[in-house]
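What follows is each chain in one-letter form.
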Amino acid sequence: MKGGETKKCRKCRKRAVVSLKTYKISLCDTCFPPFFERLVERDVKKYKIIKEDERVLAAVSGGKDSVALLSTLKAISSSLNFHIEALHIDLGIGEYSRKSTEICKKLCQELEIELNTVKLAEYGFTISDVSTKKVCSVCGNAKRYIFNRFARENGFDVIATGHNADDILANFFKNWLSGNRWWIEKQSPRTEGFDRVITRIRPLFLRTEKENAIYVLTRHLPFLADECPNAPQDRWKEIIYEIEAKIPGFKQNFVRNMFKEKKEVSDFRYCSICGEVSTSEICQFCRNIMKYGKNREA
Ligand code: AMP
Ligand code: ZN
């Protein structure tokens, strides 16, 4: 913004609260939430993330991402024709879990969504019983196990999580730079289930952490701002933040390209001037000769 000038909302001219560089648009607090929901609806259709009549179980922790997930899925559920319920796992992480559970109850009441709650303690242990070194992997494993088992035993077709573009990129960097290329598959917008494994979906895979935060604030939804007390500092997210500061839009472009449909190699023809393989009538090289060549006709 130049010289203290205030940006105006593209849709209603009120004072804008957010400027999205990727979409070259500024929006006010009233126009942003429906814009966000439309972006998610467009991605759900484009990437075939949810099919008609599916029973969707949204995993909610009470943090901004899963709160944004649940509210957005509810907003688009009637036009896309699917059923939505929530699942919250009480992990037994002291005050943090107590607050998370309360937030999920309040949220589901406001959104009029059925909330299912499972206590990890029902299985005989809680996250507080685990040594600090192993805590995050034990917690991640417990969540995945309970999501899957609960969904299967209660007739759900898909499990939705609030993973955002920052999470997906950080996981990709972490795994790719340690030599594991196969991780990409596991993070796609929809990973089909098999045998006793239920399909997993990530409808917010193209939304950034910041967009999710602005959405829950502008929709005035209850959410827990506290970080999990066990969560380590994520160095990859810091690195990604630095790249994004230098190359705005980098995160969303990267994640979009990760899941872009592969272009068929058979989709080619021959350049009508030189005969080399080309995807268009005249190949790019011949077009460049016509444009920059010294011998081009005036
Ligand atoms: P995390 O593994 O903490 O990064 O969380 C990833 C996603 O898992 C969140 O966006 C939620 O959809 C889901 N999730 C995390 N914690 C819980 C929880 N306690 N209960 C239900 N879902 C959760
Ligand atoms: Zn507006």
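In case you missed it, the structure is sitting above this.
Values in this document were obtained by computation on a predicted structure and should not be read as measured data.

### Examining the overall build of the protein chain
Thought 1: Helix and strand counts for the protein chain come out as 10 helices and 10 strands.
Thought 2: Each of the 298 residues in the protein chain was classed as buried or not, and the buried ones make up 44%.
Thought 3: For the protein chain, long-range pairs separated by at least 24 residues make up 68% of all intrachain contacts whose partners lie at least 6 apart in sequence.
Thought 4: Looking at the protein chain as shown, the accessible area adds up to about 18,000 Å², and 51% of this sits on carbon and sulfur atoms.
Thought 5: For the protein chain, the distance from the average position of its 53 positive side-chain charges to the average position of its 39 negative side-chain charges is 6 Å.

### Some points on the pattern of salt bridges
Thought 1: Scanning the model with the defined rule gives 18 salt bridges in all.
Thought 2: Residue D29 pairs with K14 through a salt bridge whose shortest N-O separation is 3.1 Å. A residue pair is termed long-range when its members are at least 10 positions apart, and D29 in the loop between β2 (25–27) and α1 (32–46) and K14 in the segment before β1 (18–20) qualify at 15 residues.
Thought 3: Ionic pairing is found between E37 and R219, a salt bridge with its closest N-O pair at 3.0 Å. You can see E37 sitting in helix α1 and its partner R219 sitting in the loop between α7 (209–218) and α8 (235–246), a full 182 residues away along the chain.
Thought 4: Residue classification places E37 among the buried residues on the basis of a relative accessible area of 10%.
Thought 5: The partly exposed category is assigned to R219, whose relative accessible area is 34%.
Thought 6: A cluster of three or more residues bridged by salt bridges with shared partners is formed by R42, D43, R207 and E211.

### What to know about a nonpolar patch on the surface
Thought 1: Where nonpolar side chains cluster on the molecular surface, the patch consists of F268, Y270 and V277 and spans about 340 Å² of accessible area.
Thought 2: As for its placement among the helices and strands, F268 is situated in the loop between α9 (250–258) and β9 (269–270).
Thought 3: The class for F268 is partly exposed, based on a relative accessible area of 40%.

### A look at the site of ligand 1
Thought 1: Contacts to ligand 1 come from 13 residues, most closely from A59, V60, I89, K143 and G162.
Thought 2: Between K143 and ligand 1, the recorded distance is 3.3 Å, taken from a side-chain N or O atom to an oxygen atom.
Thought 3: At the level of secondary structure, the elements contributing two or more residues to the shell around ligand 1 comprise β4 (83–90) and α4 (135–153).
Thought 4: Among the elements that take part in the shell around ligand 1, β4 stands out by supplying three residues, more than any other.

### What about the coordination of the zinc ion (ligand 2)?
Thought 1: Donor atoms from the polypeptide that bind the zinc ion (ligand 2) are C9 (SG), C12 (SG), C28 (SG) and C31 (SG), placed at 2.3 to 2.4 Å.
Thought 2: Site description for the zinc ion (ligand 2): donor spacing in sequence, C-x2-C-x15-C-x2-C. Highlighted residues: C12 in the segment before β1 and C28 in the loop between β2 and α1, separated in sequence by 16 residues.
Thought 3: Of the residues examined, C28 reaches a relative accessible area of 0% and is grouped as buried.

### Details of the environment of L120
Thought 1: Within the secondary structure, L120 is located in the loop between β5 (115–119) and α4.
Thought 2: Looking at L120, the relative accessible area reads 1%, which means it is buried.
Thought 3: For L120 and I89, which are 31 residues apart along the polypeptide, the C-alpha to C-alpha distance reads 6.7 Å.
Thought 4: Apart from residues no more than four positions distant in its own chain, L120 is found in contact with I89, D90, L91, F125, T126, I127, A142 and I146.

### Let's talk about the sheet that holds β5
Thought 1: Reading across from one edge, β5-β4-β3-β6-β8-β7 is the order of the six strands in this open sheet, with mixed pairing throughout. A single partner strand is all that each edge strand has here, and the edge strands are β5 and β7 (190–191).
Thought 2: Relative to strand β8 (residues 199–201), β7 runs antiparallel, the two being bridged by two bridges. For R190, the partnering residue across the bridge sits in β8 and is I201.
Thought 3: Here helix α3 (residues 94–111) sits on the sheet and contacts β4 and β5; the angle it forms with β4, its principal contact strand, is near 165°.
Thought 4: Here α4 sits on the sheet and contacts β3 (55–59), β4, β5, β6 (158–160) and β8; the angle it forms with β4, its principal contact strand, is near 140°.

Definitions and cut-offs
- Residues numbered from 1 in each chain as written.
- Chains lettered and ligands numbered in written order.
- Predicted model: local features only at pLDDT ≥ 70, side-chain atom pairs only at ≥ 80, totals over all residues.
- Heavy atoms only, no water.
- Helix = DSSP H or I, 4+ residues; strand = E, 2+ residues; numbered from the N terminus.
- Buried < 20%, exposed > 50% of the residue type's maximum accessible area, 1.4 Å probe, protein only.
- Contact = heavy atoms within 4.5 Å.
- Areas by Shrake-Rupley, 256 points an atom, 1.4 Å probe, with all protein chains shown as cover.
- Lys, Arg positive; Asp, Glu negative; His and termini not counted.
- Charge placed at Lys NZ, Arg CZ, Asp CG, Glu CD.
- Salt bridge = Lys/Arg side-chain N within 4 Å of Asp/Glu carboxyl O.
- Patch = residues over 30% accessible without salt bridge, like charges linked within 9 Å, V, L, I, M, F, W, Y side chains within 5 Å.
- Near = heavy atom within 4 Å.
- Polar contact = N/O pair within 3.5 Å; in protein donor to acceptor, adjacent residues only side chain to side chain.
- Donors = N, O, S within 2.8 Å, 3.2 Å for Na, K, Ca; no water.
- Pairing = 2+ DSSP bridges.
- Axes fitted to C-alpha atoms, helices over the stretch in contact; angles between N-to-C directions.

The values are spatial; any link to function lies outside them.
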